[in-house]
Amino acid sequence: MDRTDADPTTGNGIAARGEPLGLGTEARVAGVRDGRLYWTRGRTVGAWTPGAGRVTLGTLPTPEGGADAAFRLRHGRLAKGLLRPLVGSWTTTNLWPLRGDALLATVGHRVFRSGDDGRSWAPVYRLPDSSGPMGVLPTSLCLHGGDVYLAEYTLGDDPARILRSGDGGRTWETRVETTAVRHFHGVFSDPYGGDLWATSGDADDESAVGTIDGDEFVRAGTGSQRWRAVGLAFTPSSVVWGMDCSYASSVELLRLDRGGSADPVTVGRTDASAYYAATLPVDGKRWVAVATAAEVGADSTAPEGRGNRSGDAARVLVASSASAYEEWYELAAFPRRRPLGARVPGVPTASTYVFLAADEELGLFVNPFNARGDVESVIRVPSEEIARVADETPAIDGR
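What counts as what
- Residues numbered from 1 in each chain as written.
- Predicted model: local features only at pLDDT ≥ 70, side-chain atom pairs only at ≥ 80, totals over all residues.
- Heavy atoms only, no water.
- Patch = residues over 30% accessible without salt bridge, like charges linked within 9 Å, V, L, I, M, F, W, Y side chains within 5 Å.
- Areas by Shrake-Rupley, 256 points an atom, 1.4 Å probe, with all protein chains shown as cover.
- Salt bridge = Lys/Arg side-chain N within 4 Å of Asp/Glu carboxyl O.
- Helix = DSSP H or I, 4+ residues; strand = E, 2+ residues; numbered from the N terminus.
- Pairing = 2+ DSSP bridges.
- Axes fitted to C-alpha atoms, helices over the stretch in contact; angles between N-to-C directions.
- Core = buried A, V, L, I, M, F, W, Y, C linked by side-chain atoms within 4.5 Å.
- Buried < 20%, exposed > 50% of the residue type's maximum accessible area, 1.4 Å probe, protein only.
- Phe/Tyr/Trp six-rings, centres within 6.5 Å; stacked < 30°, edge-to-face > 60°.
- Lys NZ or Arg CZ within 6 Å of the ring centre and 35° of its normal.

Participant: What is the right way to look at a nonpolar patch on the surface in this model?
Facilitator: Taken together, the side chains of Leu 82, Leu 83, Leu 86 and Leu 340 present a nonpolar region at the surface, about 380 Å² in accessible area. For Leu 83, the position within the fold is in helix 2 (residues 77–87).

Here's what the structure looks like:
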């Protein structure tokens, strides 16, 4: 795909295939459980269903009874609203539905748990001080074998860790600890192979896709940016991901076949780092969706002289098992918002992302964040509309 500016109307065009949910600006999708899409907007937690629409469940608390002024300044709605015209929109909250009425959330470096479907919350863990502004990535938690796993996302000299909770997120212990990688990007339960997988970065020798065996991270492959992944998409025959590399001259979409070669196959290419992935069964086929990011700034782990080559739009790309995930189609492209700070040297501005969630009955939820123009924050694309993409849209030239 050429690295050219996207048509500002392209992102809005997805509305012809989908249903805007009306969750308001700055909403974030947070996974589906029992037919309910969970979402956040700042520290507000809610759910959406086709019948009831949007419902607010509760609010994530401020620690120490409101005395933490720095926390309120960093994560409060007022501060973000004042800075948005200058730097764009950013999010510091994650939410995951667990089992029953249990939810887990992070706000910055704080981890909270709710046992009553979001009405009340209690702090259960504090992430390392070197963690990123969002604490961890949305891909950093999964349920596996009755336990909950959480991958820390440290940016300093702390060891990279994956934590385990055997009591539904109330208490935590270290399952994996290593200094061989900078941090873990995500942890995932493979519904077909039964393994617990993880992704790591960021330099070539730190970038890996692999499985957790006991207290060890066993790399399926490493040594180049082809193995630098954030999200993984699992299918019965393979594991699919995209490179998380803003300075690569070619960002590859990759397929690692089960029981096949130890090297992933390049099945497509795009113009920016791939972050999030989702899978969806449609009419006997399995579709994979991959979302890219329109990133700003330089990668601190890039080789000297290798600058940011990201395109100007965050994209959602889809492919199906009918082509062995080798024919990719663009479902949507959302041009990056350009705030006032983009014109002022030295002012950091926010990247543009597309968060994803998928459900066999409800379809694919597409969630552009910090996009330019009048783009709905969350759009539901029914499964049948995903299948029509291949009939109505030319495949991407991945050369």
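Participant: What exactly am I supposed to notice about the sheet that holds strand 2 (residues 27–33) here?
Facilitator: For sheets, the rule is that strands pair by backbone hydrogen bonds, running either parallel or antiparallel. Taken in spatial order, the 4 strands of this open sheet run 2-3-4-5, and their pairing is antiparallel. Bordering the open sheet on either side are strand 2 and strand 5 (53–59), each of which pairs with just one other strand. Sheet twist, expressed as the mean angle between neighbouring strand axes with direction ignored, is 25 degrees. Pairing geometry for strand 3 (residues 36–41) and strand 4 (residues 44–49), over 5 bridges, is antiparallel. Looking across to strand 4, one finds that Thr 40 is bridged to Val 45.

Participant: Got a minute to help me understand the sheet that holds strand 26 (residues 353–359) in this structure?
Facilitator: The strand order across the open sheet built from 4 strands is 1-28-27-26, with neighbouring strands paired in antiparallel fashion. Two strands lie at the open edges of the sheet, namely strand 1 (19–20) and strand 26, each paired on one side alone. Strand direction decides the pairing type here: strand 26 and strand 27 (residues 363–369), joined by 7 bridges, are antiparallel. Counterpart to Ala 357 in the pairing with strand 27 is Phe 365.

Participant: What am I meant to see in unusual backbone geometry here?
Facilitator: Working note: non-glycine residues mostly have negative phi, and peptide bonds are mostly trans. Residue Asp 202 is bonded to the preceding Gly 201 through a cis peptide linkage, with omega at 20 degrees. Residue position: Asp 202 is located in the loop between strand 15 (196–201) and strand 16 (208–213). Look at Asp 117: it is not a glycine, yet its phi comes out positive at around 60 degrees. Position of Asp 117 among the secondary structure elements: in the loop between strand 8 (110–114) and strand 9 (122–126).

Participant: Hey, could you run me through the nonpolar core in this one?
Facilitator: General note: in soluble globular proteins, nonpolar side chains tend to be found buried as a group. Judged by nonpolar contacts, the single largest core of 24 residues is most densely connected at Ile 14, Leu 331, Phe 334, Val 354, Leu 356, Leu 364 and Val 366. Elements with a minimum of two residues in this core: strand 22 (274–282), strand 23 (285–292), strand 24 (313–320), strand 25 (329–335), strand 26, strand 27, strand 28 (379–381) and helix 3 (383–392). A per-element tally of this core places strand 25 first, with 4 residues.

Participant: So what exactly am I meant to see when it comes to the packing of aromatic side chains here?
Facilitator: Aromatic rings considered in pairs are described by the distance between their centres and by the relative angle of their planes. Scanning the entire structure with this criterion turns up 10 aromatic pairs. Between Phe 184 and Phe 217, the ring centres sit 5.2 Å apart and the planes meet at 80 degrees, which makes this aromatic pair edge-to-face. Note that Phe 184 is positioned in strand 14 (residues 183–189) and Phe 217 in strand 17 (residues 216–222), a separation of 33 residues in sequence. Here Phe 184 and Phe 217 have matching classes, each one buried. The ring of Phe 355 has Arg 28 lying over it, and the distance from NZ or CZ to the ring centre is 4.0 Å.

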